[in-house]
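Remarks on the overall topology
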Amino acid sequence: MRSTLVRGILISSMTVVALLGQVQPASAAPGDAAVAAACGEPLDAAEVSEIATLSDLETPPSGPSLPRLEATADRLNKITRILARKKDRRATFAIGLDALEQDAILPLQRKESEFDDPDYAHRLSIEVMSYFLTNLHGEFTGGPVEPHWGRHFELARNCDISLGHVTMAGYNAHFTVDMPNVVAAIGSQPANARDYFTVLDTISANRNVIVDPTEAVFGDAVGRALVLLAGDRVARIGFNGFNAINFATGLALQSNVLRGATEAEINLAWRAIDTAVKVF
């Protein structure tokens, strides 16, 4: 399993090179001043409070999954607008996720006839956003933040780090760690594969939508990271391979026998790619 997972991730990343060294653990929760600024214009107290409130998913609304999906996407959109307005570097990933949700995923998800199980597809997208929002909530409240997102936020607050590096750290956290855990969290089964790939293939086909809004905020400073993320046909093949591996890995996470080893493989891949994306 190790060779399959790592090989697929390296193919999808396309530019991963020279996997050397180890990643240091994420730093402790930042103080109030650090929370309010990540190399952009400082957020005021009201903005910090609004982000903390919008990212609080402790009491998700009940009811049909499509309205819940739309409500979660609205929360993400409002947070992204605040961060982007201040050119806060924690927006480098959020802008792309928000653009994909608004321009590609929500239009697809509203066509419920596209899915064998629309509720599964909706829950998949809800969970994807929820993983990021929950960690963002920890970032803005001093609460728990998982190491892979702590790494992204830590880099975002270091103004000497390139924007490309910050951006790729966010996408690494999302693709390498969150996605297989999302697959597991919603109880995916082999029968859900068609709906999973319908959603993920739509993302892969529409990766270009992240370019304009990201460049509108950060200019060309994100550089080669956007070239890779929005990439050409070869890059799309890599992403599709990554999506297939994440689905299989998510199934393995649900096995009591395989879970421990699978978690170790995910962590290994995340650390390797975290080292590699320092070149951006």
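Structure first, text after, so check above.
In this report, the structure presented in the accompanying data block is examined. (Residues numbered from 1 in each chain as written. Predicted model: local features only at pLDDT ≥ 70, side-chain atom pairs only at ≥ 80, totals over all residues. Heavy atoms only, no water.)

A few words on the nonpolar core. Counting residues in hydrophobic clusters, the biggest one holds 69 residues, and the most contacted among them are Ile51, Phe132, Phe140, Tyr196, Val199 and Ile210. The element contributing the most residues to this core is helix H6 (residues 118-141), with 11 residues. Setting aside anything within four residues of it in sequence, one finds Phe132 in contact with Leu76, Phe93, Ala94, Leu97, Trp149, Phe153 and Asp178. Residues Ala38, Leu155, Ile161 and Val166 belong to the second largest nonpolar core, which totals 6 residues. (Core = buried A, V, L, I, M, F, W, Y, C linked by side-chain atoms within 4.5 Å. Buried < 20%, exposed > 50% of the residue type's maximum accessible area, 1.4 Å probe, protein only. Helix = DSSP H or I, 4+ residues; strand = E, 2+ residues; numbered from the N terminus. Contact = heavy atoms within 4.5 Å.)

You can see Ser55 is positioned in the loop between helix H3 (45-54) and helix H4 (65-85). Ser55 sits in the buried class, given a relative accessible area of 1%. A polar contact of 3.3 Å, which involves the side chain of Ser55, links it to the backbone oxygen of Ala52. Beyond its immediate chain neighbours, meaning those up to four positions away, Ser55 contacts Ile79, Leu133, Thr134, Leu136 and His137. (Polar contact = N/O pair within 3.5 Å; in protein donor to acceptor, adjacent residues only side chain to side chain.)

Pairs of packed helices are described in terms of their axes, by the angle between the two and the distance that separates them. Interhelical geometry of helix H5 (residues 91-109) versus helix H9 (residues 193-205) gives an angle of 145° and a closest axis separation of 10 Å. Considering the relative orientation of H5 and H9, their crossing is right-handed. Residues Leu100, Ala104, Ile105, Leu108 and Gln109 of H5 form the contact with H9, whose own contacting residues are Thr198, Val199, Thr202 and Ile203. Counted by class, the contact of H5 with H9 contains 6 nonpolar, 3 polar and no charged residues. (Axes fitted to C-alpha atoms, helices over the stretch in contact; angles between N-to-C directions. Left-handed = near helix turned anticlockwise from the far one by under 90°. Nonpolar A, V, L, I, M, F, W, Y, C, P; charged D, E, K, R; others polar.)

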